[in-house]
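# Results of the structural survey
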Amino acid sequence: MPSPRVALVSLGCKVNQNELEAIKHLFLAAGYEIVPFPEKADVYVVHTCTVTHISDRKSRQLIRRAVRANPEAVVAVTGCYAQVAPGEVLAIPGVDVVVGTRERRRLVELVEKAREEGTPVNAVRAHEPGEAFEELPLVEVSRARAFLKIQEGCEEFCTYCIVPYARGPLRSRAPEAILAEVQRLVAAGYLEIVLTGVHTGAYGRDLAGGIDLAGLLKKLVRVPGLERLRISSIDPLDFTPALKAVLAEEEVICPHYHIPLQSGDDDILQKMGRRYTGRYYLELIASLRSKRPRAAFTSDVMVGFPGETEDQFQNTMAVVKEAALAAIHVFPYSPRRGTPAAAMPDQVAPEVKKDRERCLLQLGRRLARQYAREFLNETLTVLVERPLPGQPGVFEGHTGNYLTVAFPADLDLTGRLVPVRLQELRGGLIWGKLEKDVKEEQENSPGGRN
């Protein structure tokens, strides 16, 4: 009998993408063949997102696309949208299994049950205080970097955000399990490990023994052979003195800090439920930069929060500019049913949001170029991640401070750390040459040899 075929697809954040890789591993272990979505398959898995209303719509579109691809197949829907709106998902004709953001280890079992019995299965359950971190198999998603989820859930309840309802309370992975996973990955040849989570900076608050993110990092940087440790995102108020110290002292930790701002206006921050000010954010950046002056600072920024005036938006622009951020992700505010902000007065018109998004993106691109130019004509170490699509003989990777670099090479260097001379900004990338090639050119140039 041929192996059953499963096609999987994910929307949303890096956490979602990494969870989908773990779900793939569950199906592989059960004897399934993985095929690209939406090729014809026996099972389709759609891992959904609900961070905006557009995410909900895209999730529904992918579900319907899966049903159309093979009406006889089992369609399983997981993730945040499935968690907060299981009834809406089950109402889509052709959906057979709904699993939210817990008990995903049972997904293959539930799919098999649906295949045998032919009746829809709703396995969504509300999150409960004190529930344990759900261990999922880690699957390396490239030959260069491995993503390691250390934490789940959020209890901040920012007024615009649906994530605490979708992901539930804080659950931290045991430090011993994380340490063992890092050791295994390093032994397998991985040079960079990225720590991810829903509220990564809150790591350890639910664990006994006083462990926190700073304490965990101190353990991980001691793993022999680990070249790079990167942290996906840390909220401004999570930077304790101990965390600042370990970030400053440990060269293994990449000098790239993603710190969400959301708004630079104090009144808007207060309405958002964010317990800091624009001045606090700038002082935090300055404090971190004083220890690692050339680090990259990146951020998430929201425009068009209810009641945001033009002056308040300009306050955000001013903070972003003063912080000299190396990159920003801009999000127009999207009302989420059940969150306090959705019921607030003075919702901002879509065309105003669009204009503010455009202005902020322009500023972000200018700041990104400004930061990148500081490193031109320097040699930085690049972790080679993949061949550049459509460019034979050209490879792409990231520096420790997360500059995206492309360069030509005669050999496939994927998964290796190599010195690259950064030469020019072109097409949204920094282009360079391997340092050995630069030296050979210099030696062979007129006057290059004695």
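These numbers were taken from a predicted model, which means no experiment stands behind them. Counting from 1, residues in each chain are numbered in the order their sequence is written. Since the coordinates come from a predicted model, pLDDT governs what is reported: local features require at least 70, and pairs of side-chain atoms require 80 or more to be given and counted, while whole-chain, interface and lining totals use all residues. Side-chain descriptors were evaluated using all non-hydrogen atoms of the structure, hydrogens and water having been removed beforehand.

## As for the overall build of the protein
Working definition: helices are DSSP H or I runs of at least four residues, strands are E runs of at least two. Numbering for both runs from the N terminus. Helices and strands together make up the secondary structure of the protein, namely 14 helices and 18 strands. Taking the principal axes of its C-alpha atoms as reference, the protein extends roughly 80 × 60 × 50 Å. Counting across all 450 residues of the protein, residues that qualify as buried make up 54%. In what follows, a contact means two residues having at least one pair of non-hydrogen atoms within 4.5 Å. Put simply, 71% of the contacts in the protein that link residues at least 6 apart link residues at least 24 apart. Per element, the accessible surface of the protein, about 20200 Å² overall, is 52% carbon and sulfur. Mean positive and mean negative side-chain charge positions of the protein (58 and 58 charges, respectively) differ by 3 Å. Between buried and exposed lies partly exposed: a residue is buried under 20% and exposed over 50% of the maximum accessible area for its type, with that area taken using a 1.4 Å probe on protein chains only. Accessible surface is estimated by sampling points in the Shrake-Rupley manner with a 1.4 Å probe; for residues, cover comes only from the protein chains shown. A residue counts as positive if it is Lys or Arg and as negative if it is Asp or Glu; His and the chain ends are not included. To locate a charge, take NZ of a lysine, CZ of an arginine, CG of an aspartate or CD of a glutamate.

## Observations regarding a positive patch on the surface
To count toward a patch, a residue needs a relative accessible area above 30% and no salt bridge. Like charges then connect within 9 Å, nonpolar side chains (Val, Leu, Ile, Met, Phe, Trp, Tyr) within 5 Å. The term salt bridge refers to a pairing of a side-chain nitrogen on Lys or Arg with a carboxyl oxygen on Asp or Glu at a separation within 4 Å. A grouping of Lys321, Arg365, Arg366, Arg369 and Arg373 is seen on the molecular surface, where their side chains present a positively charged patch. The leading source of residues in the positive patch is helix α13 (residues 350-373), at 4 residues. Structurally, Arg366 can be placed in helix α13. Classification of Arg366 as partly exposed rests on a relative accessible area of 44%.

## What to know about the sheet that holds strand β18 (residues 429-434)
At least two DSSP bridges between two strands are needed for those strands to be called paired. Pairing in this closed barrel of 5 strands is mixed, and the strands run β14-β15-β16-β18-β17 around the ring. Averaged over all pairs of adjacent strands, the angle between their axes in this sheet comes to 55°, without regard to strand direction. As paired elements, strand β14 (residues 379-387) and strand β17 (residues 417-426) share 5 bridges and run antiparallel to each other. Within β17, the residue paired with Thr381 across the bridge is Pro419. Each axis is a line fitted through C-alpha atoms, and for a helix only the stretch in contact is used; angles between axes span 0 to 180 degrees, taken between their N-to-C directions. In the packing of helix α14 (residues 435-444) onto the sheet, contacts are made with β14, β16 (404-408), β17 and β18, and the angle to β18 comes to roughly 60°.

## Thoughts on the environment of Arg65
The residue Arg65 is located in helix α2 (residues 53-69) in this model. Judged by its relative accessible area of 41%, Arg65 falls in the partly exposed class. Taking the C-alpha atoms as reference points, Arg65 and Phe37, 28 residues apart in sequence, are found 9.6 Å from one another. The contact partners of Arg65, leaving out residues within four places of it in the chain, are Phe37 and Pro38.

## Re the sheet that holds strand β9 (residues 192-197)
If you walk across this open sheet you meet the 4 strands as β8-β7-β9-β10, and the pairing is mixed. Every other strand in the sheet has two partners, leaving β8 (171-172) and β10 (228-231) as the edge strands with one partner each. Strand direction decides the pairing type here: β9 and β10, joined by 4 bridges, are parallel. Residue pairing in the sheet places Glu192 in a bridge with Arg228 of β10.

## Brief notes about the packing of aromatic side chains
Pairing of aromatic side chains requires ring centres within 6.5 Å, counting the rings of Phe and Tyr and the six-membered ring of Trp. Pairs whose planes differ by under 30 degrees are stacked, by over 60 edge-to-face, and all others tilted. Scanning all chains against the criterion turns up 8 aromatic pairs. Aromatic side chains Phe27 and Tyr32 sit 5.0 Å apart centroid to centroid with 90° between the ring planes, which places their arrangement in the edge-to-face category. The pair formed by Phe27 and Tyr32 is uniform in burial state, with each residue classed as buried. Look at NZ for Lys and CZ for Arg. If either is within 6 Å of the ring centre and within 35 degrees of the ring normal, a charge sits over the ring. Between Arg426 and the ring centre of Trp431, over which it is positioned, the NZ or CZ distance is 4.3 Å.

## Examining the pattern of salt bridges
In this structure the tally under the stated criterion is 35 salt bridges. The salt bridge involving Asp235 is made with Arg274; its shortest N-O contact spans 3.6 Å. With a gap of 39 residues between them, Asp235 in the loop between β10 and α9 (241-249) and Arg274 in the loop between α10 (266-272) and α11 (278-291) connect regions that are remote in the sequence. On the basis of relative accessibility, which here comes to 9%, the residue Arg274 falls in the buried class. Connected through shared salt-bridge partners, Glu19, Arg104, Lys149, Glu152 and Arg167 make up one network.

## Considering helix α8 (residues 213-220)
Judged by how many residues are buried, α8 sits mostly within the fold: 6 of 8 residues are covered. Taken residue by residue, α8 has Leu213, Ala214, Gly215, Leu216, Leu217 and Leu220 as its buried positions. Its side-chain oxygen placed 3.3 Å from the backbone nitrogen of Ala214, Asp212 serves as the N-cap of α8. Distance and chemistry together define a polar contact, namely a pair of N or O atoms within 3.5 Å, with one atom able to donate a hydrogen and the other to accept it when in protein, and with adjacent residues in sequence counting only for side-chain atoms on both sides.

## Some thoughts on a nonpolar patch on the surface
Nonpolar side chains collect at one region of the surface, where Val84, Phe157 and Tyr165 lie side by side and expose about 260 Å² of accessible area between them. Mapped onto the fold, Tyr165 is located in helix α6 (residues 163-167). Take Tyr165: its relative accessible area is 38%, and that puts it in the partly exposed class.

## A look at the nonpolar core
In plain words, nonpolar cores are sets of buried Ala, Val, Leu, Ile, Met, Phe, Trp, Tyr and Cys residues tied together by side-chain atoms within 4.5 Å. Ranked by internal contacts, the top residues of the largest apolar core, which has 52 residues, are Leu217 and Leu229. Excluding its chain neighbours within four sequence positions, the residues that come into contact with Leu217 are Leu195, Leu229, Ile231, Leu243, Val246, Leu247 and Ile253.

## A closer look at empty space enclosed by the protein
Here a cavity denotes grid points, spaced 1 Å and computed from the protein atoms alone, that fit a 1.4 Å probe unable to get out, and a pocket denotes an open set having protein on both sides within 12 Å along at least 5 of 7 lines; residues with an atom within 4 Å of a point are the lining. Grid points are joined across faces, edges and corners, and a volume is the space filled by probe spheres set on the points. This structure, assessed with the given rule, holds 2 cavities of 30 Å³ or more. Space inside the second largest cavity adds up to approximately 30 Å³. As for the second largest cavity, its lining consists of Leu229, Arg230, Ile231, Ile253, Cys254, His256 and Tyr257. Those elements giving two or more residues to the lining of the second largest cavity turn out to be β10 and β11 (256-258). Among the elements that take part in the lining of the second largest cavity, β10 stands out by supplying 3 residues, more than any other. Amino acids outside the nonpolar list (Ala, Val, Leu, Ile, Met, Phe, Trp, Tyr, Cys, Pro) and the charged list (Asp, Glu, Lys, Arg) are all regarded as polar, and Gly is one of them. In the lining of the second largest cavity, the residues fall into 5 nonpolar, 1 polar and 1 charged.

## Overview of helix α7 (residues 175-187)
Given a helix with a known number of residues, its expected span is that number minus one, times 1.5 Å. Look at α7: 18 Å from first C-alpha to last across 13 residues, which is about the 18 Å you get at 1.5 Å a residue. Every buried residue of α7 is accounted for by Pro175, Ile178, Glu181, Val182, Leu185 and Val186. Down the axis of α7, the buried set is contained in an arc of 130°. They therefore lie on one face. Looking at α7, the residues exposed on the side facing more than 90 degrees away from the buried face are Glu176 and Ala187. As for α7, its buried residues are in contact with β7 (145-152), β9 and α8. Starting at the helix axis, one direction is taken to each C-beta atom, and the arc is that of these directions.

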